[in-house]
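Observations on chain architecture
Residue-level listing of the chains:
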Amino acid sequence: MDLQQKLTNDTVIAGVVGTVGAYLTYKLYKTISQPSEGNMPPIAPGRQPFVGHLLQMNQPIPPQKVFSKWAKEVGPVYTVHMGTKRWIILNNTESVRDLIVNRGAIYSSRDLSPLLVDILFHGVENGGGLPFFPYGKEWRYLRRLTHASLLKRKVDSYQHILEDRRLDFLKNLEEANKAGAEEGFCMNTQIEHLAMTTVLSIVYGGELCYYDTNNPDLHAIYAQTSESTAVLQPSEQIREFLPIFSFLIPSRVKQYEGLVKRTDTFHGNLLKQFKEKMAKNPDNVENCFMKDMLTENSDITDLRLSDLAMVFVAAGSDTTSGTLQWLVAALANHPEVQDRAYADILENVGKDRLPGPEDEENLPYIKGILFETLRLHPPAPLSVPHCTTEDDVYGDWIIPKGTTIVMNLDSIHRDPTRYPQPDKFLPERHLEFIKNSKNQTSQSVEDRPHLSFSSGRRMCVGIHLAERSLFTTATGLLATYRIERVSEELIDVSIQRDIYGVTSNPVPHNVRLVRRVPIA
Ligand code: HEM
């Protein structure tokens, strides 16, 4: 072959490769960067070729704050491109009502990482990963089981566990407060211990789940919980967002297989011990979730039972502990709120006992304090993303099947038309709702005090347990102590500890406790 011909061949090859490359790049750009489904809601600012808005999410503020900023620029409902995936962000109550509630049949599925669904929770067919499973018959089955065990009257039968845990909590605080003396102490250790031991005791009963604050098993289960919920963070889903680059991104399968082994061992052991107790004499076993499950559902597998235990721990511990940490910060910043709550306790309960569920009706201001904490600091600020199962038309927009739908509670909870002075901590703003709900009037999305437990078909199934447990702890705390800041400066509640975390907690801060009455 002479030089001339070689050059011609090379040019042809280069031309073909170049054309194919350019065509593929163009196709890729079209797939990733252009809305090909027609008129979707407006696109959030700053979209870039290939990656969409992924780089925009990498800011030194939490994703919910980025979403709230965009809502001010493009309106309450808009589209975000997470690599190849389309997310629609709902920033107001109306769109949540219209889509998540009124069209729940097509807006209630999930599209989450296989690491969660297939590895950690053993797959839809056999596992028990209720919060992460798509809408369908397995989800319905698991939802029905857990719902039945978490009804208000069932929560009543778990009250002894909540009070026992509260007492332990207050005693732990007493000790830490004495040790902290002048500089105060950070209550997080005691709060996390309370939240984790409460949820474990609700699942297996208090007897099997006694752990002191330094117990290594307890610390292992904290770590397992954080590791499993971390998969929900957008930053952990890069492989799903950019599947064509997945060969460049290390797979986490091995890491998750290790996690599964550890969690299966932890819950497998507890379940085995629990079953042995039940086999000996069920009448001697205290009321708890597992007792309920084994008594009412003889056909449920051990795998599903231990997965559900893990779900309770994952869904119920960080959320409750985050709420209590924000509550402490808010109370320390608002001594006047504590004084009003304490005056209500003195008037309605007295000094000789701690408040119980029978006092709830007479302590509406304390309920308002909890509502306000959950409004300003939703423990899961972006809830858990939903996914559509059919194409839909919403106003002038098309919402295709398979779109991820995210509720941005930060925007929804700070809408000044619904919450005047939205950034202020004002428990009294909820008193009207509390009075009306007692009289069984409206419970629609618009009338609810906050959407921290979400809404619609996937609404938190643990809401009664969570509300009761928060009320039990908050009343115990307010009746026993006045919480003081260690300096004149207010605790900064405008930032959260882990910017990209799925759940939100304040930055750790010290407080001091001043005893009001005996613990119990
Ligand atoms: C302050 C405490 C809590 C908050 C703020 C909270 C919030 C939430 C949210 C936002 C969701 C997602 C709803 C959706 O997808 O639309 C959820 C789901 C869920 N929560 Fe909670 N939760 C709390 C406590 C609990 C507790 C104590 C339990 C049980 C022990 C629990 C069990 C669940 C379960 C099983 C789901 C999945 C429901 C489903 O997908 O059908 N949660 N929760």
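Scroll up to find the structure this text is about.
Residues numbered from 1 in each chain as written. Predicted model: local features only at pLDDT ≥ 70, side-chain atom pairs only at ≥ 80, totals over all residues. Heavy atoms only, no water.

Regarding the side chain of H430
Quick note on the threshold: Elements are defined by DSSP. Helices are runs of H or I of four residues or more, strands are runs of E of two residues or more, and each kind is numbered from the N terminus. Using a 1.4 Å probe on the protein chains alone, a residue whose accessible area is under 20% of its type maximum counts as buried, one over 50% counts as exposed, and one in between counts as partly exposed. Contacts are assigned to residue pairs that have any heavy atoms within 4.5 Å of one another.
Relative to the assigned elements, H430 resides in the loop between α17 (409–412) and α18 (431–438). Looking at H430, the relative accessible area reads 3%, which means it is buried. Those residues within four positions of H430 in sequence are excluded, and the remaining contacts are G368, F371, E372, R375 and P449.

What to know about the environment of H219
Along the chain, H219 falls in helix α10 (residues 216–229). Given the relative accessible area of 38%, H219 is considered partly exposed. The contact partners of H219, leaving out residues within four places of it in the chain, are T213 and N214.

Re unusual backbone geometry
Although it is not a glycine, F50 sits at a positive phi angle of roughly 70°. Considering the arrangement of structural elements, one finds F50 in the loop between α1 (3–33) and α2 (63–74). Residue class for F50 comes out partly exposed when judged on its relative accessible area of 27%. A positive phi angle, near 60°, is found at H122, a position not held by glycine. Secondary-structure assignment places H122 in the loop between α4 (114–120) and α5 (123–126).

Digging into the environment of F289
Residue position: F289 is located in helix α13 (residues 289–296). Residue class for F289 comes out buried when judged on its relative accessible area of 0%. For the pair formed by F289 and E125, sequence separation is 164 residues and the distance between their alpha carbons is 22 Å. Those residues in contact with F289 that sit more than four places away from it in its chain are T146, S149, Y158, I202, V203, L308 and F312.

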